[in-house]
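So you can see what is in the structure, the chains are spelled out below.
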Amino acid sequence: MLLKHTTSEIKERSALTVNPAKTCQPIGAMYASLGIHGCLPHSHGSQGCYAYHRSALTRHYKEPVMAATSAFTEGASVFGGQANLLQAIDNMFTVYNPDIIAVHTTCLSETIGDDIPQIVKKAEADGKIPEGKYVIHANTPSYVGSHVTGFSNMCKSMVDYFSESNGHKSKTINLIPGYVEPSDMEEIRRIASEMKLKTIMFPDTSGVLNGPMTGRFKMYPDGGVTIDQLKQTGSGMGTVAMGRLASMAAARALDNKCKVPCEIIDLPIGLHGTDAFIDTLRHIAGVNVPDSLTFERGQMVDIISDMHQYFYGKRVGLVGDPDQLLALTKFLVSLDMHPVYIVTGTPAGKKYEKALREVVKDVPGEVKISVPGDMYLFHQWIKQEPVDLLIGNSYVKYIAKDDDIPYVRYGFPILDRVGHSYFPTVGYKGGMRLLEKILDALLDRQDRDATDINMELVM
Amino acid sequence: MTAIPILKERESQIYQKGTQPFQMKCGKHSLAGSVSQRACVFCGSRVVLYPIADALHLIHGPIGCAAYTWDIRGALSSGPELHRLSFSTDLQEKDVIFGGEKKLYHALSELIDIHQPKAAFIYSTCIVGIIGDDVEAVCKKVSKEKGIDVLPVHSEGFKGTKKDGYKAACDALFKLVGQGSTEGISPYSINILGEFNIGGEAWIIKDYYRRMGVEVVSTMTGDGRVDDVRRSHGAVLNVVQCSGAMTFLAEMMKEKYGIPYIRVSYFGLEDMSKALYDVAAHFSDKPEIMEKTKEIVREEISHIYPELQKIKAAVQGKKAAIYVGGAFKAFSLIKALRYLGMDVVLAGSQTGNDTDYETLRDMCDDGTVIVDDANPLELSKYIIEKKADLFIGGVKERPIAYKMGIGFCDHNHERKTPLAGYSGMLNFAKEVYLTVSSPVWKFAPARQLSVNSDQLLTDFNPRPNTEHRTLNT
């Protein structure tokens with residue numbers, strides 16, 4: 001029993017997180033930065049931060065993850081990190097030649113109070129930033145919010161630094177996909193292009209963190225939103241922001257700065273989530289939904305109807321990031337499943353919790369929700385009353401093993417399987433994949449537990 | 001040399017044998033803005049102490065430091081699994097403003113009540129060093145109240161390099177040493193230092209010593225227990241593996257308790273055997289130990305020899321690049337690869353010192369590139385130039401090797417099979433063979449053998465089939 005130290009008796013904990021269901025802001029900012037083409041993320045802090053972020057992202061994506069660090073020393077933490085950042089900017093442009101450097105802060109540099117814009121200005125004045133190259137920044141103190149907050153902050157910085165209105169509206173729609181996988185971003189783009197829409201998506205990590213094997217190490221892979229595209233977002237006809245926690249800040253900023261109206265919707269996960277996304281696009285652009293998407297939707301509904309008896313009444317425990325949890329919970333409820341334990345480590349706020357409660361209001365029995373909570377608490381709930389299915393990141397596998405519960409890997413990080421970076425879970429296609437995964441987990445269990453007499457071939 | 005640029009300030013940390021006078025600069029703080037593969041002080045402390053399975057490891061700081069080090073290192077335990085949980089004070093903005101001492105106090109008290117650990121290690125992170133929490137005082141207070149050792153680990157990330165983190169960990173451990181009774185400890189006894197039981201390696205090594213008739217008092221820290229550390233001063237000899245991590249502790253134990261230490265490596269036939277012989281030689285007043293050791297070495301080697309020969313025939317002449325944490329590991333790897341008939345074309349470490357690099361230079365052939373604290377561009381540059389077939393490194397290097405279409409072997413904490421000891425050498429050989437001779441590299445587009453900076457940094461044009469690498473060539 002790997003988690004034999006988890007007790008079923010729940011004691012109030014006042015000052016402690018055990019087995020976190022979140023991590024800190026900078027990694028989210030690093031991930032978002034990687035969604036800009038030719039960008040070298042830069043961590044303004046100790047060397048350990050960026051080493052951990054790179055390792056974590058490398059394990060999750062099984063791809064090289066490039067970033068640089070200010071490599072703070074004791075001196076820097078006393079006298080400020082200006083000298084380090086100036087030298088870093090110079091070194092990065094000289095050796096690694098990125099188009100853009102995206103600086104994010106850490107708890108250390110935030111607390112000592114480094115003023116990044118001022119330092120960048122100095123670098124510019126000193127001629128350390130070559131013509132046509134950029135340095136942007138986001139403040140991402142590790143002691144506020146979570147990795148989702150860091151992602152959101154960096155997305156907003158993209159708007160703050162680049163979006164500009166050229167005076168008239170183009171026919172382009174801005175898509176802010178949220179803190180989702182490269183595969184999801186690709187799928188969101190595909191759906192929009194099925195509708196014959198011109199879009200700009202930012203950030204866009206597809207082609208960066210799910211690239212092909214080429215026989216060469218490439219510091220800056222082909223994918224990512226370009227700086228030109230980021231500038232054009234200010235002239236878009238509208239913005240669709242997916243996931244409040246991850247995307248709303250950038251969408252609002254774009255509205256304020258360039259008067260691009262925005263629609264903030266849930267992540268397009270599940271049938272209704274995807275319907276809402278497509279409907280929003282349809283409204284903004286005034287187009288019809290193409291037959292190809294109606295066909296995909298029909299396929300998804302077909303799977304749901306064919307297998308609905310296996311979903312009925314199943315108790316599900318979910319742990320993950322807030323935007324995903326909200327959309328996923330809606331999806332599960334629509335399948336007649338019962339999400340009974342829901343935990344995110346991100347402090348997503350009262351409003352969020354209320355929205356989540358609203359989704360599960362008709363689920364029979366008590367639904368336990370913890371925002372923010374941790375996986376230790378999650379496991380304690382399960383020990384008190386088990387569930388039929390677990391959905392969560394790789395750390396959930398310990399709970400699944402210890403308490404012998406079917407389990408679907410979903411979220412960040414996934415350290416022990418591949419697929420998440422190549423196959424989406426958004427859109428109708430992604431929904432079908434989720435259904436497949438859930439059914440596999442449930443039916444494999446039914447097969448495993450069947451007696452010889454009861455073993456069924458046709459299910 | 002090709003046109004992939006090397007930072008001017010980095011030139012002194014790269015050396016190509018036979019081409020320049022030898023003047024390596026190492027132990028330097030990494031250059032700001034470089035994509036170094038190194039980590040921080042906290043990381044150093046965490047990896048050293050983490051395997052002590054019946055202790056509480058509480059990380060005092062924002063959530064990240066705890067989240068990123070949650071069970072990522074496969075240090076196995078034969079009993080308690082407390083070390084595999086992640087405990088954090090999860091500092092918030094108000095704690096940063098008003099101080100985190102209260103929170104630390106409550107967190108510690110609650111955790112000790114729930115888990116009843118044998119001891120507790122409290123890791124300070126960057127922020128704690130800045131806001132000035134008196135962690136020491138909180139530890140003392142809780143220690144008094146709960147009656148267990150609560151040990152502060154001074155591992156603020158910015159206060160040096162990973163090596164300083166090793167030192168901070170050793171300082172914390174040293175406070176435990178000397179507390180237990182040494183009654184009943186054999187006069188032929190050792191402590192194993194710097195062995196972290198990744199994939200169960202400590203168990204293999206301990207078994208050799210047991211068969212030699214040598215008692216292992218404590219393993220620090222693989223499958224470690226607090227009570228064993230407490231009585232470790234009763235051992236006659238400290239046997240230290242891994243050059244960087246635990247020499248500090250061995251030095252302190254030598255000074256205070258007069259326990260001598262030897263440095264060993266358990267990797268590769270040559271070094272493994274030398275380790276056992278060196279320990280046996282220390283107990284020369286009991287010749288049976290040496291007799292037994294010879295027997296063990298003979299038996300173990302003859303056991304794996306035939307299979308090793310087969311693998312050797314298959315991998316002979318292949319070229320390897322090594323980039324590991326400690327230089328001592330690099331020495332063993334070079335010897336082991338040589339044993340398999342392979343050439344080492346690049347050798348580097350994150351934390352080597354002057355003597356380490358001199359030793360490396362003496363070991364390597366002409367043309368071998370030696371690097372300290374390398375970055376991915378440098379590594380990929382030399383992999384291409386030197387036409388490496390195999391890369392040995394850690395988590396961040398793996399995908400770089402794979403993208404370039406060459407084999408990879410993890411000799412860091414993500415290895416799954418034990419690579420130490422005799423059976424470990426066979427595992428290593430098998431792993432090398434498996435990856436170097438894998439047919440999957442045939443799917444790789446041609447590896448670019450001539451490079452310039454523009455190509456490497458920006459563009460890629462596949463040249464199908466022209467330089468297809470096959471394993472027969």
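Residues numbered from 1 in each chain as written. Chains lettered and ligands numbered in written order. Predicted model: local features only at pLDDT ≥ 70, side-chain atom pairs only at ≥ 80, totals over all residues. Heavy atoms only, no water.

Quick look at the layout of surface pockets
Rules: Whether a set of points on the 1 Å grid over the protein atoms alone is a cavity depends on a 1.4 Å probe fitting there but being unable to get out, while an open set qualifies as a pocket with protein on both sides within 12 Å along at least five of seven lines; lining residues are those with an atom within 4 Å of a point. Grid points are joined across faces, edges and corners, and a volume is the space filled by probe spheres set on the points. Under the scheme used here, helices are H or I runs from DSSP no shorter than 4 residues and strands are E runs no shorter than 2 residues, and both carry numbers assigned from the N terminus.
Here the largest pocket is characterised by a volume of approximately 1,200 Å³. The wall of the largest pocket is formed by 48 residues, among which Lys62 and Leu415 of chain A together with Arg398, Glu414 and Lys416 of chain B lie closest to the centre. Empty space within the second largest pocket amounts to approximately 630 Å³. Lining the second largest pocket are 40 residues, with Val408, Arg409, Tyr410, Ile414 and Lys437 of chain A sitting closest to its centre. For the lining of the second largest pocket, the secondary structure elements donating two or more residues are α2 (47-61), α8 (182-194), α13 (322-334), β13 (389-392), β14 (407-409) and α17 (427-449) of chain A.

What about the packing of aromatic side chains?
What counts here: Whether two aromatic rings pair depends on their centres lying within 6.5 Å, for rings of Phe, Tyr and Trp, where Trp uses its six-membered ring; planes under 30 degrees apart make the pair stacked, over 60 edge-to-face, and the rest tilted. Only protein chains enter the accessibility calculation, which uses a 1.4 Å probe; a residue is then buried when its area is under 20% of its type maximum, exposed when over 50%, and partly exposed in between. Each ring is checked for a lysine NZ or an arginine CZ that lies within 6 Å of its centre and within 35 degrees of its normal; such an atom marks a charge sitting over the ring.
The full count for this structure, using the stated rule, is 19 aromatic pairs over all chains. A ring pair is formed by Tyr31 of chain A and Tyr61 of chain A, whose centres lie 5.7 Å apart and whose planes are at 5 degrees; its orientation type is stacked. Taken together, the positions of Tyr31 of chain A in helix α1 (residues 25-33) and Tyr61 of chain A in helix α2 put the pair 30 residues apart, joining distant regions of the chain. For the ring pair Tyr188 of chain B and Phe283 of chain B, a centre distance of 5.6 Å and an interplane angle of 80 degrees mean the geometry is edge-to-face. A residue pair is termed long-range when its members are at least 10 positions apart, and Tyr188 of chain B in the loop between α7 (162-176) and β6 (189-195) and Phe283 of chain B in the loop between α11 (269-282) and α12 (287-315) qualify at 95 residues. The pair Tyr188 of chain B / Phe283 of chain B is uniform in exposure class, with both members buried. The ring of Tyr339 of chain B carries Lys312 of chain B above its face, with NZ or CZ at 5.1 Å from the centroid.

Concerning the domain arrangement of chain A
Residue and element names in this part refer to chain A. Our working rule: Where each domain starts and ends comes from a domain assignment, either automatic or drawn from a database. Here, a salt bridge means any Lys or Arg side-chain nitrogen found within 4 Å of an Asp or Glu carboxyl oxygen. Two N or O atoms count as a polar contact when they lie within 3.5 Å, although within protein this holds only if one can serve as hydrogen donor and the other as acceptor, and sequence-adjacent residues are included solely when both atoms are side-chain atoms. In the scheme used here, Gly and all other residues not listed as nonpolar or charged are polar, with Ala, Val, Leu, Ile, Met, Phe, Trp, Tyr, Cys and Pro taken as nonpolar and Asp, Glu, Lys and Arg as charged.
For chain A, the assigned domains are domain 1 (25-150), domain 2 (172-291) and domain 3 (306-449). If you average the C-alpha positions of domain 1 and of domain 2, the two centres end up 25 Å apart. Scanning the region where domain 1 abuts domain 2 turns up zero salt bridges. Counting the contacts that link domain 1 with domain 2 gives 12 residue pairs in polar contact (both at pLDDT 80 or more). Among the secondary structure elements, those contributing two or more residues to the side of domain 1 that touches domain 2 are α1, β2 (39-44), α2 and α7 (147-162). Tallying contributions element by element places α1 first for the side of domain 1 that touches domain 2, with four residues. When grouped by side-chain class, the residues that make up the side of domain 1 that touches domain 2 number 16 nonpolar, seven polar and two charged.

Focus: the pairing of strand β9 (residues 262-265) of chain A
Put simply, side chains in a regular strand alternate between the two faces of the sheet. All names here are of chain A. Rules: By this definition, two strands are paired if DSSP reports at least two bridges between them. When the strands point away from the viewer and the connection leading from the first strand across the helix to the second strand turns clockwise, the crossover is called right-handed.
As defined by bridge partners, strand β8 (residues 238-242) adjoins β9 across four bridges and the pair is classed as parallel. By the bridge assignment for β9, Val240 is matched with Glu263. Regarding topology, helix α10 (residues 244-258) serves as the crossover connection from β8 to the parallel β9, and that connection is right-handed.

Observations concerning the domain arrangement of chain B
The accessible area lost on association of the parts is a frequent measure of interface size. All names here are of chain B. Quick note on the threshold: Residue contacts follow a heavy-atom distance rule, with two residues in contact if any of their heavy atoms lie within 4.5 Å. In short, buried area is how much 1.4 Å probe accessible area vanishes from two parts on joining, totalled over both.
Along its sequence, chain B is organised into domain 1 (8-34 + 304-457), domain 2 (41-175) and domain 3 (189-300). Facing 23 residues of domain 1, the contacting portion of domain 3 comprises 22 residues. With both sides pooled, the region where domain 1 packs onto domain 3 buries about 2,000 Å², and carbon together with sulfur makes up 63% of that total. Among the residues of domain 1 in contact with domain 3, Phe328, Ala420 and Tyr422 are the three that bury the most area, contributing 38% of the side total. Counting across the domain 1 and domain 3 interface gives one salt bridge. Between Asp271 and Lys335 there is a salt bridge, with its nearest N and O atoms 2.6 Å apart. Applying the counting criterion to the domain 1 and domain 3 interface returns nine residue pairs in polar contact (both at pLDDT 80 or more).

Notes on the pairing of strand β5 (residues 149-153) of chain B
All names here are of chain B. Burial of β5 is extensive: five of the five residues sit out of reach of the surface. Residue alternation in β5 divides its side chains into two sets, Asp149, Leu151 and Val153 and Val150 and Pro152, and both sets are buried. Pairing geometry for strand β4 (residues 119-124) and β5, over five bridges, is parallel. Residue Ala120 lies in a different strand from β5, and its bridge partner there is Val150.

Quick notes on the confidence of the model for chain B
Counted only if it meets this: One confidence number per residue, pLDDT, is output by the predictor and ranges from 0 to 100.
Overall, the predicted model of chain B reaches an average pLDDT of 87, with 89% of residues at or above 70. Element-level pLDDT for chain B is lowest in helix α18 (residues 453-457) of chain B, with a mean of 40, against a maximum mean of 98 in β4 of chain B.

Digging into the nonpolar core
Stated precisely, the cut-off is as follows: By nonpolar core is meant a set of buried Ala, Val, Leu, Ile, Met, Phe, Trp, Tyr and Cys residues that side-chain atoms within 4.5 Å join together.
Grouped together as the largest cluster of nonpolar side chains are 198 residues, with contacts concentrated most on Leu175, Phe277 and Leu390 of chain A together with Leu108, Phe121 and Met246 of chain B. Looking at this core element by element, the count peaks at nine residues for α17 of chain A. Leave out the neighbours within four places in its chain, and Leu390 of chain A touches Gly317, Phe378, Ile382, Val396, Ile399, Ala400, Ile405, Pro406, Tyr407 and Val408 of chain A.

Details of the sheet that holds strand β4 (residues 100-105) of chain A
Residue and element names in this part refer to chain A. Applied cut-off: The convention used is that axes are lines fitted to C-alpha atoms, helices contributing only their stretch in contact, and that angles between N-to-C directions extend from 0 to 180 degrees.
Reading across from one edge, β3-β2-β4-β5 is the order of the four strands in this open sheet, with parallel pairing throughout. Each edge of the open sheet is held by one strand with a lone partner, namely β3 (68-69) and β5 (134-138). Bridge count for β2 against β4 is six bridges, and the pairing is parallel. Within β4, the residue paired with Pro41 across the bridge is Ala102. The sheet contacts of helix α4 (residues 82-96) involve β2, β3, β4 and β5, and relative to β2 the element is tilted by about 155 degrees. In this fold α7 packs onto β4 and β5, with an angle of close to 135 degrees to the strand it touches most, β5.

Some words on the interface of chain A and chain B
Facing the 74 residues of chain A at the interface are 82 residues of chain B. Buried surface at the junction of chain A and chain B, summed over both partners, amounts to about 6,900 Å²; 63% is from carbon and sulfur atoms. Applying the counting rule to chain A against chain B returns two salt bridges. The interface formed by chain A and chain B includes 21 residue pairs in polar contact (both at pLDDT 80 or more). Broken down by element, the residue count for the side of chain A that touches chain B peaks at 11 residues, all from α2 of chain A. Of the residues belonging to the side of chain A that touches chain B, the class tally is 37 nonpolar, 25 polar and 12 charged. With two bridges connecting them, strand β1 (residues 17-18) of chain A and strand β3 (residues 87-88) of chain B associate as antiparallel partners. Residue Thr17 of chain A lies in a different strand from β3 of chain B, and its bridge partner there is Ser88 of chain B.

Considerations on empty space enclosed by the protein
Residues and elements named next belong to chain B. By the definition in use, this model includes 10 cavities of 30 Å³ or more. Its boundaries defined by the atoms lining it, the largest cavity holds a volume of some 490 Å³. Lining the largest cavity are 29 residues, with Arg73, Phe196, Cys242, Lys329 and Arg415 positioned closest to its centre. Counting only elements with at least two residues in the lining of the largest cavity, the list comes to α1 (41-49), α7, β6 and α13 (327-339). At three residues, the largest contribution of residues to the lining of the largest cavity is made by α13. Across the lining of the largest cavity, the residue classes tally to 10 nonpolar, 13 polar and six charged.

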